[in-house]
Amino acid sequence: MHAARLRKGELEALWGNYMRARRSKDQIIVEILNICEKGENLTNIVYRSSISFTAIKAYLAVLMKNDLLIYQDGSPRIYKTTPKGLAMRDRLEGLHKLMEGLKI
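Residues numbered from 1 in each chain as written. Predicted model: local features only at pLDDT ≥ 70, side-chain atom pairs only at ≥ 80, totals over all residues. Heavy atoms only, no water.

Q: Before we go on, may I ask you to explain the overall build of the chain in this structure?
A: Secondary structure summary: the chain contains five helices and three strands in total. Counting from the amino terminus, the chain carries its helices and strands in the arrangement α-α-β-α-α-β-β-α. By the burial criterion, 29% of the 104 residues in the chain qualify as buried. For the chain, contacts bridging at least 24 residues in sequence account for 52% of all contacts bridging at least 6. When the accessible area of the chain is evaluated, it comes to approximately 8,000 Å², of which 58% is carbon and sulfur surface. (Helix = DSSP H or I, 4+ residues; strand = E, 2+ residues; numbered from the N terminus. Buried < 20%, exposed > 50% of the residue type's maximum accessible area, 1.4 Å probe, protein only. Contact = heavy atoms within 4.5 Å. Areas by Shrake-Rupley, 256 points an atom, 1.4 Å probe, with all protein chains shown as cover.)

So, in structure tokens, the structure goes:
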């Protein structure tokens, strides 16, 4: 039996997909805050984040409770990252960059 050979970039793509499936809560929060920076509806947040509708609703509730996200009434409801949310996102992204440099 021969081991499959991966083309250039395929291993990185597979690893990226694996890591995306294994995101931490803070990585998910950063992603939601990024998606909602300019305002986004629930369907697009679910689609762009690849997180279930039920899980997204829980994250949105926590983010709104902590004033990191607001929503604008309408049809559809638009979620938008607050200035406090943008500051949190920037701090978390900075922390992620520092952690990527760690040798584990």
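From this point, the discussion proceeds with the structure in view.
Q: Help me out: how do you make sense of the packing of aromatic side chains in this one?
A: Geometrically, a pair of aromatic rings is defined through the distance of the ring centres and the angle of the planes. Within the structure shown, the criterion is met by one aromatic pair. Aromatic side chains tyrosine 71 and tyrosine 79 sit 6.2 Å apart centroid to centroid with 55° between the ring planes, which places their arrangement in the tilted category. (Phe/Tyr/Trp six-rings, centres within 6.5 Å; stacked < 30°, edge-to-face > 60°.)

Q: Is there a simple way to think about the side chain of arginine 89 in this case?
A: For arginine 89, the position within the fold is in helix H5 (residues 83-100). When residues no more than four places from it in sequence are discounted, the contact partners of arginine 89 are Val30, Leu33, Asn34 and Glu37.

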